Amino acid sequence: MEKTVGTFEEAVRRSEAIWRDLPTNPQKYRVLTGDRPTGALHIGHYFGSLQNRVKLQGLGVECFIVIADYQVLTDRDTAPRIHENVRDLVLDYLSVGLDPERHRTYVFVHSHVPALNQMLLPFLTLVGMGELDRNPTVKEEIEAAGLTNVNAAMYTYPVHQAADILFCKGNLVPVGKDQLPHLELSRKIARRFNQRYPRDDQPLFPEPMALLSEAPKILGLDGSQKMSKSRNNAILLKATADETAQLIRSAKTDSDRRITYDPERRPEVSNLVLLISLCTGEKPEAVADRLGDAGGFALKQELTRVLNDTLAPVRARRAELERDADEVVRRVLRQGIEEANRRANATLAEMRRAMNMDYGLS
Ligand code: TRP
């Protein structure tokens, strides 16, 4: 019997142990994480995942970041904007401080690493149709996108994602809760490959671990749903200070002047309080106490001030990048793609050897 999923609490506990170990043993870990190129990133991404990546990079951990341009084909017709979306992502990464020039950080796109697709085929034979059909995250995405005629890549992209992670033998994957089913599948694929194709020395693939962070649930400025560019309720990282002020001014609040942190009963006000706390490092309750009965207008003024302060260095870096953006983006991708191809080709050669498909030709 294979070990089964385990609870969310276990995943959180394991992640906490890894966070404690990381500063002392950064060389034990290789991070692989990524995003679909669906548009420019917003402050939800910043507080949710980007800050973490910068922290991992700063600890000296090798970090691969995949821009999943093939995956994005699964649920939308994205071709007209794909190039621009990839460019936006790279510039967002660089402006928050990911720095492939000075660190072991690599940014690459799916479409330019052919060996990933070669890995996909044997991986597909290790997974059952039923398993793909049951994936809760895939089910939710199909529903959210309102797809009636679901393409096959929608069901198989979690297997593709296993190749994304395993090509570089990534063992640490910083993800949100929604990605845990995919990571569990990647672990199974690693384990099953190692079992089916045993080697004399150590098994080929590590079983990658999730690195969860205390992901704050950031709502959009309408206060009713998750922040998301497509819902038009987001503050983009590339927004100017004035645009930020204007967006915050339009945020929904309520008529009670007393500021409290009560996400259940006052989601809109609490969301703004949470954002302040993420900028200042205070606890949300402390922010609410500090503001007392200052009212919604003062709450928004405070958020505008601390958020613009927090984003000032990000914007300054972006302004600098914009002077030569296209060239910078090309350079970062070229470098990331080259390293990704090197690792992926090496791993593919090892896989072929393990699968007895090395015919001594090279
Ligand atoms: N599936 C992820 C998303 O929808 C993106 C992604 C692709 C990814 N490959 C990955 C994330 C590998 C982590 C690891 O956001």
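Preceding block: the structure.
As a starting point, this report considers the structure included with it. (Residues numbered from 1 in each chain as written. Predicted model: local features only at pLDDT ≥ 70, side-chain atom pairs only at ≥ 80, totals over all residues. Heavy atoms only, no water.)

Things to note about the pattern of salt bridges
Let me state the cut-off plainly: Whenever Lys or Arg places a side-chain nitrogen within 4 Å of a carboxyl oxygen from Asp or Glu, that contact is recorded as a salt bridge. Strands here are runs of E lasting at least two residues and helices are runs of H or I lasting at least four, both read from the DSSP assignment and numbered beginning at the N terminus. Burial classes follow relative accessibility: with a 1.4 Å probe on protein chains only, a residue under 20% of its type's maximum area counts as buried, one over 50% as exposed, and anything between as partly exposed.
A full pass over the atoms with the stated rule returns 33 salt bridges. Note that glutamate 350 is salt-bridged to lysine 169, the shortest N-O span being 2.7 Å. With glutamate 350 in helix H13 (residues 325-354) and lysine 169 in the loop between helix H7 (152-166) and strand S4 (172-174), this residue pair connects regions lying 181 residues apart in the sequence. Its relative accessible area of 24% is what places lysine 169 among the partly exposed residues.

Observations concerning the site of the ligand
As a reminder of what qualifies: Summary of the distance rule: residues count as near a molecule or strand when at least one heavy atom falls within 4 Å of that molecule or strand. Contacts described as polar in this section are N or O atom pairs within 3.5 Å, which, within protein, must combine one atom able to donate a hydrogen with one able to accept it, while residues neighboring in sequence count only if both atoms come from side chains. To be clear on the numbers: accessible area is Shrake-Rupley with a 1.4 Å probe, and residue cover counts the displayed protein chains and nothing else.
Around the ligand, a shell composed of Leu32, Thr33, Gly34, Arg36, Val66, Ala68, Gln71, Gln161, Asp164, Ile165, Val173 and Gln179 is seen. Arginine 36 has a polar side-chain atom sitting 3.0 Å from an oxygen atom of the ligand. Measuring from a nitrogen atom of the ligand, one finds a side-chain N or O atom of glutamine 161 at 2.9 Å. Coverage of the ligand by the protein chains reaches 91% of its 370 Å² of free accessible surface.

A closer look at helix H10 (residues 267-280)
The condition is simple: Helix span, as expected, comes to 1.5 Å for every residue beyond the first. Residue contacts are counted whenever heavy atoms from the two residues lie within 4.5 Å of one another.
In this model H10 runs 20 Å from its N-terminal to its C-terminal C-alpha over 14 residues, within 8% of the 20 Å that 1.5 Å per residue would give. Of all 14 residues in H10, 11 are buried, a share of seventy percent or more. For H10, the complete set of buried residues consists of Glu268, Val269, Ser270, Asn271, Leu272, Val273, Leu274, Leu275, Ile276, Ser277 and Cys279. On the buried face of H10, the contacting elements are helix H2 (43-58), helix H11 (284-291) and helix H12 (295-322).

Comments concerning the pairing of strand S3 (residues 105-109)
What counts is decided by this rule: Two strands qualify as a pair provided DSSP detects at least 2 bridges between them. We call a crossover right-handed when, viewed with the strands running away from us, the connection from the first strand over the helix to the second turns clockwise.
Burial analysis of S3 places five of its five residues in the buried class, which makes it a mostly covered element. Sheet topology note: the strand S2 (residues 62-67)/S3 ladder contains five bridges and is parallel. Paired with cysteine 63 across the bridge in S3 is threonine 105. At this point the chain moves from S2, through helix H3 (residues 82-96), to the parallel S3, and the crossover so formed is right-handed.

A few points about the packing of aromatic side chains
What counts is decided by this rule: Pairing of aromatic side chains here covers Phe, Tyr and the six-membered ring of Trp, requires ring centres within 6.5 Å, and sorts the geometry by plane angle: under 30 degrees stacked, over 60 edge-to-face, intermediate tilted. Our definition puts a charge over a ring when NZ of Lys or CZ of Arg is within 6 Å of the ring centre and also within 35 degrees of the ring normal.
In total, this model carries nine aromatic pairs according to the counting rule given. With centroids separated by 5.4 Å and ring planes inclined at 75°, the aromatic side chains of phenylalanine 108 and phenylalanine 167 adopt a geometry described as edge-to-face. Residue phenylalanine 108 is found in strand S3, and its partner phenylalanine 167 is found in the loop between H7 and S4; the two are separated by 59 residues along the sequence. Overall, the relative accessible area of 0% leaves phenylalanine 108 in the buried class. The class of phenylalanine 167 is buried, set by a relative accessible area of 0%. Taking the centre distance of 5.3 Å and the plane angle of 75° together, the rings of phenylalanine 193 and phenylalanine 205 count as edge-to-face. Pair noted here: phenylalanine 193 is in helix H8 (residues 180-196) and phenylalanine 205 is in the loop between H8 and strand S5 (209-211), with a separation of 12 residues, a long-range link. Each member of the pair, phenylalanine 193 as well as phenylalanine 205, is classed as buried. Here a set of aromatic residues connected by ring pairs shows up, and it is made of Phe64, Tyr106, Phe108 and Phe167. A cation over an aromatic ring shows up here: lysine 55 above the ring of tryptophan 19, its NZ or CZ 4.7 Å from the ring centre. Just above the ring of phenylalanine 8 sits the side chain of lysine 177; from NZ or CZ to the centre is 4.4 Å.

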